[in-house]
Each structure stands twice: as C-alpha cells, then as structure tokens.
Amino acid sequence: MSAAAGVPLVYTEEVREALHEGRPVVALESNVITHGLPYPDNAATARKVEDAVRAGGAVPATVCVEDGAVRVGMSDADIERFASRPGIPKVSSRDLPVVLARGGPGATTVASSLVAAELAGIRWFSSAGIGGVHRGAQQTFDVSSDLIQFTRSRVAVVSAGAKMILDLGLTLEYLETHCVPVVAYGSDDFPAFYCRTSGHRAPHRIDDPGTLARAVETHRALGGPTSFLITTPVAEEDAIDSAEVEAAIARAVTAAGRDGVSGQGLTKYLMRAVDAATDGRAARANMAVLVTCAEAAGRLAAAHTALLRKTPIGSPS
C-alpha cells in the first residue's frame, strides 16, 4: 500500500510494476461491473474490457474503493466478488471522501476514476460513454459530475462520446467553455455512445496515434489543467442508427412525464426504454462500445509512452 496526499492506494502487482517501469497503463471504472449487466455477464464483460486494453498494448487498471483505500487494479477474484455481490454503491467524486472514511466498498464512476487515476499517476482512462448536460438542464441545472471533473483532472479520456439521452450540443458547448480539448479519433463526428454520430461535428479529427499522443502531451506542456477528451466511434456492425434511438427517446420522454419520472431516475428509465425499443440490441451494443474504447485507449496510451521515451515534450532536441 502507498498513499498520495494522504489517500491510501493499493496497487495490483501488475499495475505497480507497469507504472514503475514506465509502461502504458489505462484506468477503467468499476461501476460497469456493479451497475451494468447481471452476473455473470458483468464479470465476463469486465474481463473482456481488460483484455482489450492489453490487446491495444497497455496494462489495464480497473479502479474501485474498499477497506478505506483506493484500489488501483482489480484481481480476477476482485472482479468476481464485485460482480456477484449485490448492493455495492456507485461512488462518484463527491462520494469518495465519505466512502473512504467509512471503509466500505464502492464502484467508481467516470468522475471518481479520474480522481483515482491522477492520484495513482495514470495518464489514460477509458469509458464507454461520458456523462453530459441533461436535456432540460436550463431548468434543472442537471449537469454530470463527469464534466466538472474534466475541468480538474489532467487525464486523457477515451470514450464513444455521450449517450443520446443527453443534450449533446450543450455538452459540447460546456466542454468548449471550460477549454477541454475534444478530438475525434478516426471519425469526423462526435459519437453518441452506441450511435456512430450525434449529428454534431467534432472540433478536431486526428487519425494518427502518434500525432494524437503529441497533442495530449502538448496540452499538458502548455499548462492545461483539464482532461483531454478523445472520442472513438463504435464499429459499424455494432452500431445502432441514431434516428432510431432518437425516436425511442422522444417516446420515452413523453411516457416519463406521464408516469412522473424525473431527476436521477430519468436516465435509467430512458436507457431501459431504448433497450426495449431496439429488442435488446442497445445492451449488446453497450458491451461492444466498452471493448472498442478500451482497445483504442490501450493503443493510444502505448503511442503516448513511445513518444515520451523518444523525446519528452519540452526536452532539448
């Protein structure tokens, strides 16, 4: 066990050795294990995601909280335990100090995983989709803590954009306002989770991993205090048509109003409605997105490490 700023950190041997040797490491959230698919599919998916990071050339570090410490990397037994144990709470960045103080278990979200990654010295993180500005936020002020954390954590984030149940136009506006770089890797558009496009163009497109690695490192060298967001779309064969999803969301929003569903319950309500409208294809696409993003994150983290070993930004040539 080690500590960063007084926070106990427990590393798996694989992650500890990789960080010590300067090899690429990609952090992963554990919330997808506890609040995603039912057991044992959740455990199998978590292992597939870790394998995808390795296939990309990096070491996976799935993050969780347990026994008053942040665990950086989960063993196979840890994954099995979290996947099969009901009632493990979702822990966002606001919840971390309370859960750590109490010593209970917790599954990390995007926001809390970024906090943990930066404390552990991990420069890359992968997630299927980020949170964003919710529809109707002009009245509700419902903005995901993921976006807030992007303004505070200097970690490169790889994802398939954000879910279409959000206001993706306002999400991009928020990121622009807070100077968070957004780059599409291998596509022109900002993707929408298991939809290849949100209908919004990405501010920048970069196809070459080396160039993207230089952009990430230059952002840090310029003193940027924010994350660097990289989007990669799901494969065409796994994608769902964005018009089909939008139509399902529109119907679900009307039904939610009729049923009195609002606040935190609305997201789960809408996602279940989309899954039902697509005969389960949305759930299968969700798994595919996790793997796609993890493999891309591994590849980009490896390119970034190769860049640092060759010529660190700011070093004399």
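1. Some thoughts on the overall build of the protein chain
Working step 1: Scanning the protein chain for helices and strands turns up 13 helices and 14 strands.
Working step 2: The C-alpha radius of gyration of the protein chain comes to 19 Å, within 12% of the 20 Å expected for a compact globule of 317 residues.
Working step 3: The C-alpha extent of the protein chain, read off along each of the three principal axes, is 60 × 45 × 35 Å.
Working step 4: Per-residue burial over the protein chain gives 50% buried out of 317 residues.

2. Thoughts on the side chain of Ser159
Working step 1: You can see Ser159 is positioned in strand 9 (residues 156–159).
Working step 2: Classification of Ser159 by relative accessible area gives buried; the value is 0%.
Working step 3: Here the side chain of Ser159 touches Gly161 through a polar contact of 3.1 Å, landing on its backbone nitrogen.
Working step 4: Those residues in contact with Ser159 that lie beyond four places of it in its chain are Ser127, Ala128, Gly129, Ile130, Leu229, Ile230, Thr231, Thr232 and Cys293.

3. A look at the environment of Pro40
Working step 1: Looking at the element boundaries, Pro40 is found in the loop between helix 2 (31–34) and helix 3 (41–56).
Working step 2: A residue is classified by how much of its surface remains accessible, and Pro40, at 48% relative accessible area, is partly exposed.
Working step 3: Along the backbone, Pro40 and Ala83 are 43 residues apart, and their C-alpha atoms lie at a distance of 7.1 Å.

4. Concerning the side chain of Thr232
Working step 1: When you line up the elements, Thr232 lands in the loop between strand 14 (228–231) and helix 11 (242–259).
Working step 2: The exposure class of Thr232 is buried, given its relative accessible area of 7%.
Working step 3: Every residue in contact with Thr232, bar those within four places of it in the chain, is listed here: Val158, Ser159, Ala160, Tyr185, Pro191, Cys293 and Ala296.

5. Here we look at the packing of aromatic side chains
Working step 1: Counted by the stated rule, this structure contains 1 aromatic pair.
Working step 2: Pairing Phe193 with Tyr194 gives two aromatic rings, centres 5.0 Å apart and planes at 55 degrees, and the pair type is tilted.
Working step 3: Note on Phe193: relative accessible area 3%, which makes it buried.
Working step 4: Residue classification places Tyr194 among the buried residues on the basis of a relative accessible area of 4%.
Working step 5: Across the ring face of Phe193, the terminal group of Lys163 is positioned such that the distance to the ring centre comes to 4.5 Å.

6. Overview of helix 4 (residues 76–84)
Working step 1: Among the residues of helix 4, Asp78, Ile79, Phe82 and Ala83 are the ones counted as buried. All buried residues of helix 4 lie within an arc of 125 degrees about the axis, which places them on one face of the element.
Working step 2: Those residues of helix 4 that are buried lie in contact with helix 2, helix 3, strand 4 (59–66) and strand 7 (106–108).

7. A word on the nonpolar core
Side chains of nonpolar character tend, in soluble globular proteins, to be buried together.
Working step 1: Formed by 85 residues in total, the largest nonpolar core has its most connected members in Val72, Trp124, Phe150, Tyr194 and Ile230.
Working step 2: The leading source of residues in this core is helix 13 (residues 281–310), at 11 residues.
Working step 3: Ala43, Ala46, Phe82 and Ala83 belong to the second largest nonpolar core, which has 10 residues in total.

How each quantity is defined
- Residues numbered from 1 in each chain as written.
- Predicted model: local features only at pLDDT ≥ 70, side-chain atom pairs only at ≥ 80, totals over all residues.
- Heavy atoms only, no water.
- Helix = DSSP H or I, 4+ residues; strand = E, 2+ residues; numbered from the N terminus.
- Rg over C-alpha atoms; globule rule 2.2 N^0.38 Å.
- Buried < 20%, exposed > 50% of the residue type's maximum accessible area, 1.4 Å probe, protein only.
- Polar contact = N/O pair within 3.5 Å; in protein donor to acceptor, adjacent residues only side chain to side chain.
- Contact = heavy atoms within 4.5 Å.
- Phe/Tyr/Trp six-rings, centres within 6.5 Å; stacked < 30°, edge-to-face > 60°.
- Lys NZ or Arg CZ within 6 Å of the ring centre and 35° of its normal.
- Arc of directions from axis to C-beta.
- Core = buried A, V, L, I, M, F, W, Y, C linked by side-chain atoms within 4.5 Å.

Honestly, that's just the spatial picture; any functional story needs more than this.
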